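Geometric and topological summary
For reference, the chains in residue letters:
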Amino acid sequence: MCYNTNIMEDRDIWYSAGIVDGEGYIGIMKLKTYGPHNTYPYKYTPAVKIASVTESLINFLISNFGGYKSHRIHKNNQKDSWMWSITNWSRVEEFLNIIGTYLRMKDKQARVVLDFISLRRNRRLNKKRDLYRYTEEELQQMEDFYLKIRKLNFRGKSPATTE
């Protein structure tokens, strides 16, 4: 899906960037692979996600940027919530390129994810290589990007340091 930013109003792009800054997640997921045909124990996937108790917000994001919506029904006294997510490499890249210049709090995360995606794109341009086999160096680069984004997304108090 190509987003037609000529039709979208600037305020919708700014609004989307603000939502991502305040409520969103920009990261790299490390997923365990299963089955006899998996060459590597993990795969890495870029992702942008937003959770909200306001379904109309999630519908706005889907209508403007595509992606998926999931619904979580809570027990007790909590409101139900919805989550919007995109994990397709090209859609994540396009979305971050659209809103990236307007991000204030998560601009570093966006840059890391875009660099991660660029690593894969550059790899695909080298047609002499087997696309399904990674070198040890490439696997280490992907892990490094994953660890970098985890550090940027860390919430809570910083771990105590001893000197």
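Look a little higher up for the structure.
These notes cover the structure that comes with them. (Residues numbered from 1 in each chain as written. Predicted model: local features only at pLDDT ≥ 70, side-chain atom pairs only at ≥ 80, totals over all residues. Heavy atoms only, no water.)

Regarding the overall build of the protein
Rules: Helix and strand assignments come from DSSP, with helices taken as H or I runs of at least 4 residues and strands as E runs of at least 2, each series counted from the N terminus. Here's how the labels work: a residue is buried when its accessible area is under 20% of the maximum for its type, exposed when over 50%, partly exposed in between, all with a 1.4 Å probe on protein chains only. Contacts between residues were defined by any pair of non-hydrogen atoms, one from each residue, lying within 4.5 Å. Here, Shrake-Rupley sampling with a 1.4 Å probe gives the accessible areas, and only protein chains in the shown set may cover a residue.
Along the backbone of the protein there are five helices and four strands. Mapped in sequence order, the helices and strands of the protein form the string α-β-β-α-β-β-α-α-α. Across the 163 residues of the protein, 37% fall into the buried class. Counting only contacts in the protein whose residues sit at least 6 apart along the sequence, the fraction spanning at least 24 positions is 63%. Total accessible area on the protein is roughly 11,300 Å²; 51% of this is exposed by carbon and sulfur atoms.

Observations regarding helix α2 (residues 55-65)
Note the following rule: For this quantity, the arc is that covered by the directions from the helix axis to the C-beta atoms.
Within α2, burial applies to Leu57, Ile58, Phe60, Leu61, Asn64 and Phe65. Viewed along the axis of α2, the buried residues span an arc of 155°, placing them on a single side of the element. Away from its buried face, by an angle of more than 90 degrees, α2 presents the exposed residues Ser56 and Ser63. Contacts made by the buried residues of α2 are with α1 (10-23), β2 (42-52), β3 (68-72), β4 (81-86) and α3 (89-99). Looking one or two places after α2, you find glycine 66, whose phi comes out positive at around 75°.

Topic: the packing of aromatic side chains
Stated formally: Between rings of Phe, Tyr and Trp, where Trp is taken as its six-membered ring, a pair exists when centres lie within 6.5 Å; planes separated by under 30 degrees are stacked, by over 60 edge-to-face, and by other angles tilted. Cation placement over rings: the criterion is NZ of Lys or CZ of Arg within 6 Å of the ring centroid and within 35° of the ring normal.
All told, the structure shown has seven aromatic pairs when counted by the stated rule. On the basis of an interplanar angle of 25° and a centroid distance of 5.1 Å, the ring pair of tryptophan 89 and phenylalanine 116 is categorised as stacked. Note that tryptophan 89 is positioned in helix α3 and phenylalanine 116 in helix α4 (residues 107-125), a separation of 27 residues in sequence. With a relative accessible area of 19%, tryptophan 89 lands in the buried category. Among the residues examined, phenylalanine 116 registers a relative accessible area of 1% and is labelled buried. With a centroid separation of 5.8 Å and 70° between ring planes, the pair formed by phenylalanine 116 and phenylalanine 145 is classed as edge-to-face. Placement of phenylalanine 116 in helix α4 and of phenylalanine 145 in helix α5 (residues 136-152) is noted, with a sequence separation of 29 residues between them. The exposure class of phenylalanine 145 is buried, given its relative accessible area of 18%. The structure contains a cluster of three or more aromatic residues connected by ring pairs, namely Phe65, Trp84 and Phe95. Cation over ring: lysine 30 sits above tyrosine 42, and NZ or CZ is 4.4 Å from the ring centre. It is arginine 120 that lies over the ring of tryptophan 89; its NZ or CZ is 4.2 Å from the centre.

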